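A structural walkthrough
As a plain string of letters, each chain reads:
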Amino acid sequence: RAIRNKKKKAGSNARDFTEGWVEFRDKRVAKLIAKSLNNAPMGTRKKNRFHDDMWNMKYLHRFKWTHLSERLAIERQVRKQRMRAEVSQAKRETNFYLQNIERSKKFSKADRKRAMEPEGSKFPDKQWNFTQRKTEAEIQVLKASGDKKRIQKRQEQAERAQERSQTNRSLLQKIFNAS
């Protein structure tokens with residue numbers, strides 16, 4: 001009991017144990033042990049601290065130690081990736097919060113300046129920079145000038161296509177009317 005209590009105080013608590021792996025030389029022995037120990041109580045005596053715990057055994061067909069190490073490495077990588085994503089998300093949120101604090105300071109500073117200035121100050125308030133939508137008449141004028149350019153381009157393209165087709169026609173006549 002004294003040893004058990006020391007282990008508990010030191011932090012070695014067996015109930016935190018989750019999984020383990022056992023390798024057997026013979027496949028038949030491994031299957032037999034997995035079958036017989038699955039859902040069997042770990043401790044046989046009531047005073048045993050593992051009395052209420054059950055074995056959960058499983059035979060893994062064609063499973064090698066390399067598979068185990070690969071799986072554990074993948075799980076480790078996934079855990080690291082998740083932590084990186086969480087940390088970067090926290091950094092983004094923090095930066096966003098700090099930027100908004102800086103903006104609010106600037107706005108409050110500008111408000112204080114405006115409050116300090118007399119009504120008839122020589123600097124007018126800043127105006128918004130925006131472009132006004134074009135009126136219907138302006139749109140029609142732009143379309144009309146653009147239509148003329150488009151029509152001219154289409155005519156030039158049609159002339160070029162006609163020239164190409166003329167050269168192709170003479171070539172085709174030579175090929176098919178050779179006899």
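Before reading on, note that the structure itself is shown above.
All figures in this text were calculated on a predicted structure; none of them were measured in a lab. As a convention, each chain's residues are numbered from 1 in the sequence order in which they are written. Predicted model: local features are reported for residues with pLDDT of at least 70 only, side-chain atom pairs are reported and counted for 80 or more only, and whole-chain, interface and lining totals are derived from all residues. As a convention, hydrogens and water are excluded, and side-chain values are obtained from all of the structure's heavy atoms.

**Let's talk about the pattern of salt bridges**
Basic side-chain nitrogens of Lys or Arg form a salt bridge, by our definition, when they fall within 4 Å of a carboxyl oxygen of Asp or Glu. Evaluation of the coordinates by the stated rule reveals three salt bridges. With a closest N to O distance of 4.0 Å, Arg160 and Glu156 form a salt bridge. One end of the pair, Arg160, and the other, Glu156, are both in helix α4 (residues 136-176), four residues apart, so they sit about a helical turn from each other. Elements are defined by DSSP. Helices are runs of H or I of four residues or more, strands are runs of E of two residues or more, and each kind is numbered from the N terminus.

**Brief notes about the layout of surface pockets**
Over the atoms rolls a probe the size of a water molecule, and in doing so it shows where empty space is left. In this analysis the probe radius is 1.4 Å and the grid spacing 1 Å, with only protein atoms considered; a cavity is a set of points the probe fits into but cannot get out of, a pocket is an open set with protein on both sides within 12 Å along at least five of seven lines, and lining residues have an atom within 4 Å of a point. Grid points are joined across faces, edges and corners, and a volume is the space filled by probe spheres set on the points. Approximately 1,000 Å³ is the volume attributed to the largest pocket. Taken together, 28 residues line the largest pocket, and the ones lying closest to its centre are Gly20, Trp21, Val22, Lys58 and Leu60. At the level of secondary structure, the elements contributing two or more residues to the lining of the largest pocket comprise α2 (27-37) and α3 (65-116). At five residues, the largest contribution of residues to the lining of the largest pocket is made by α2.

**Overview of the packing of aromatic side chains**
Working definition: an aromatic ring pair is given by the centre-to-centre distance plus the angle between the planes. Under the pairing criterion, centres of Phe, Tyr and Trp rings, with the six-membered ring standing for Trp, must be within 6.5 Å; the plane angle then separates stacked pairs below 30 degrees from edge-to-face pairs above 60, leaving the rest tilted. Applying the stated criterion across every chain yields a total of one aromatic pair. Both rings, one in Trp21 and one in Phe63, keep their centres 5.4 Å apart while their planes meet at 10°; by these two values the pair is stacked. A residue pair is termed long-range when its members are at least 10 positions apart, and Trp21 in the loop between α1 (2-10) and α2 and Phe63 in the loop between α2 and α3 qualify at 42 residues.

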